[in-house]
Amino acid sequence: MTRIAVNGAAGRMGQTVIETAADRDDLEVVVGFDVEAGEVDGVPVVAEDVAGALAEHGVDVVVDFSIPESTLPLAEACVEAGVGLVVGTTGFSDDGLADLDVVSESVPLLKATNFSRGIQVLQRTVREAVRALDDYDLELMESHHNGKVDAPSGTAKTLLEVVQEERDVEPVYGREGHAPREGDEIGVFARRAGDIRGEHELILAGNDEVLSLSHHAEDRAVFAAGALDAAAWLSGREAGRYEFGAVVDA
Ligand SMILES: NC(=O)C1=CN([C@@H]2O[C@H](COP(=O)(O)OP(=O)(O)OC[C@H]3O[C@@H](n4cnc5c(N)ncnc54)[C@H](OP(=O)(O)O)[C@@H]3O)[C@@H](O)[C@H]2O)C=CC1
Ligand SMILES: O=C(O)C1=N[C@H](C(=O)O)C[C@H](O)C1
């Protein structure tokens, strides 16, 4: 039984992780962390002394869906307590990402910008398509709920990285005015509206055809389930940096 703590426990994803975990018998959420102390679905939520709470509740792995400014001190508490960390939070600066690399020298750390299995497959499909259609125009779009604070989404950035590993394209973030396509560029567009759970699409256009590769999440439970799978998989592993692809392939 993997004992899990959730950071950002009172947020949209934190609550969904706690609800999703209640239906599983391989793990248990024993404590949550958030800005204010309280309770989510019977799980106690504390607001201070994270390292102390990790030890007190015998936590094996923390699942984090919060903001980067919260993840980094949390990661230090994980190092202090010798606890693994699954990071779902997006929007890190380059320095923040480098700090997480340092943390993974001391504890097992698995970070993914998207914990749905479909997006893992999309990443692999995007790589193959960009390789095969190497002179087609590329455009990347994402849509999310109106409460999302970072743009473009972490998933869009990951898809862009996959594209750039295959092709030397320059991102153009939105277009306005006189803005013709120049050189090998990729337009990147972010929409924010309603409660869209998460939509991503890459189009490859050329030679009288358009290939559209897209994914949409129907419920936050898909991300919660993937993050919990990652936490169960990570528990007991050596310090180091791990990828969600390994969980999907296990
Ligand atoms: N990897 C993936 O599959 C997915 C990643 N995400 C990412 O997860 C993150 C959270 O998303 P979402 O749940 O929608 O956001 P929410 O704003 O709903 O939740 C974030 C929670 O973190 C809390 N928080 C802020 N500061 C701290 C702190 N110092 N310590 C503890 N808790 C804190 C917030 O409290 P308060 O509101 O009081 O500030 C809030 O309750 C985002 O970066 C998002 O992009 C989302 C879905 C899937
Ligand atoms: O904030 C969200 O909701 C989501 N964030 C992640 C991202 O930034 O890619 C993953 C998912 O699309 C939902």
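Per an unreviewed UniProt entry, the protein goes by the name 4-hydroxy-tetrahydrodipicolinate reductase and belongs to Haloarcula salinisoli. Recorded under Pathway (unreviewed entry), the UniProt text for the protein is reproduced unchanged: "Amino-acid biosynthesis; L-lysine biosynthesis via DAP pathway; (S)-tetrahydrodipicolinate from L-aspartate: step 4/4." If you open the UniProt record of the protein and go to Function (unreviewed entry), you find "Catalyzes the conversion of 4-hydroxy-tetrahydrodipicolinate (HTPA) to tetrahydrodipicolinate."

Novice: Kindly report on the site of ligand 1, identifying the contributing residues and their values.
Specialist: Within the structure, ligand 1 sits among 25 residues, and Gly 8, Gly 11, Met 13, Ser 70 and Gly 88 are positioned closest to it. Per-element tally for the shell around ligand 1: the top contributor is helix H1 (residues 12-21), with three residues.

Novice: Could you give me a rundown of the UniProt feature "active site" (unreviewed entry) in the protein, with the residues and numbers involved?
Specialist: Taking the UniProt record as the reference, the feature "active site" (unreviewed entry) is found at His 144 and Lys 148. Along the chain, the position of His 144 falls in strand E8 (residues 137-144). Judged by C-beta crowding, with 25 C-beta atoms within 10 Å, His 144 ranks as buried. Beyond its immediate stretch of four places on either side in the chain, His 144 contacts Ser 153, Arg 192, Ile 196 and Gly 198. Judged by the 17 C-beta atoms lying within 10 Å of it, Lys 148 falls in the partly exposed class.

Novice: Tell me about unusual backbone geometry, and please be specific about residues and values.
Specialist: The linkage connecting Ala 151 with the following residue, Pro 152, adopts the cis geometry, with an omega of -10°. Residue placement: Pro 152 occurs in the loop between E8 and helix H6 (154-166). Phi at Asp 49 takes a positive value of approximately 50°, unusual for a residue other than glycine. Despite not being glycine, Asp 208 shows a phi value in the positive range, around 65°. Its place among the elements puts Asp 208 in the loop between strand E11 (199-206) and strand E12 (209-216).

Novice: Now, about the nonpolar core: what can you tell me, with residues and values included?
Specialist: In this structure, Ile 4, Val 17, Val 62, Val 63, Val 86, Ala 227 and Ala 230 are the most contacted members of the largest nonpolar core, which totals 51 residues. The element that contributes the greatest number of residues to this core is helix H7 (residues 221-234), accounting for 10 residues. Once residues within four sequence positions are removed from consideration, Val 62 is found in contact with Ala 5, Asn 7, Leu 74, Cys 78, Val 83, Leu 85 and Val 86. Within the second largest apolar cluster, 13 residues are counted, among which are Leu 122, Leu 159, Ile 186 and Val 188.

Novice: Give a description of H1 that names residues and reports values.
Specialist: Of all 10 residues in H1, eight are buried, a share of seventy percent or more. Burial in H1 covers these residues: Met 13, Gly 14, Gln 15, Thr 16, Val 17, Ile 18, Thr 20 and Ala 21. Where the residues of H1 are buried, they touch strand E1 (2-7), strand E2 (27-33), strand E3 (38-40), strand E4 (43-46), strand E5 (61-64) and H7.

Novice: Please provide a residue-by-residue account of the sheet that holds E4, values included.
Specialist: Paired through their backbone hydrogen bonds, the strands of a sheet run either parallel or antiparallel. Read from one edge to the other, the open sheet built from eight strands follows the order E3-E4-E2-E1-E5-E6-E7-E13, with strand pairing classed as mixed. If you trace the sheet from one side to the other, it starts and ends with E3 and strand E13 (240-242), each paired once. Recorded for the sheet is a direction-independent mean angle of 25° between the axes of neighbouring strands. With four bridges connecting them, E5 and strand E6 (residues 84-87) associate as parallel partners. Residue pairing in the sheet places Val 61 in a bridge with Gly 84 of E6.

Novice: Which residues make up the domain arrangement of the protein, and what values do they have?
Specialist: Split by domain assignment, the protein resolves into domain 1 (2-115 + 220-249) and domain 2 (117-216). In this structure, domain 1 and domain 2 have C-alpha centres spaced 28 Å apart. Listed as interface residues are nine residues of domain 1 and, on the opposing side, 11 residues of domain 2. No other element matches helix H8 (residues 244-249), which puts three residues into the side of domain 1 that touches domain 2.

Novice: How would you explain the site of ligand 2 if you had to name every residue and give the values?
Specialist: Neighbouring residues of ligand 2: Thr 90, Thr 113, Asn 114, His 144, Lys 148, Ser 153, Gly 154, Thr 155 and Gly 198. By residue class, the composition of the shell around ligand 2 is no nonpolar, eight polar and one charged. Mapped onto the domain boundaries, the shell around ligand 2 takes at least three residues apiece from domain 1 (2-115 + 220-249) and domain 2 (117-216).

Cut-offs applied
Residues numbered from 1 in each chain as written. Chains lettered and ligands numbered in written order. Predicted model: local features only at pLDDT ≥ 70, side-chain atom pairs only at ≥ 80, totals over all residues. UniProt positions renumbered as here; feature names shortened; annotations may be inferred. Near = placed C-beta within 6 Å. Helix = DSSP H or I, 4+ residues; strand = E, 2+ residues; numbered from the N terminus. Buried ≥ 20, exposed ≤ 12 C-beta atoms within 10 Å, placed from the backbone. Contact = placed C-beta atoms within 7 Å. Core = buried A, V, L, I, M, F, W, Y, C linked by C-beta atoms within 7 Å. Pairing = 2+ DSSP bridges. Axes fitted to C-alpha atoms, helices over the stretch in contact; angles between N-to-C directions. Domains from an automatic or database assignment. Nonpolar A, V, L, I, M, F, W, Y, C, P; charged D, E, K, R; others polar.

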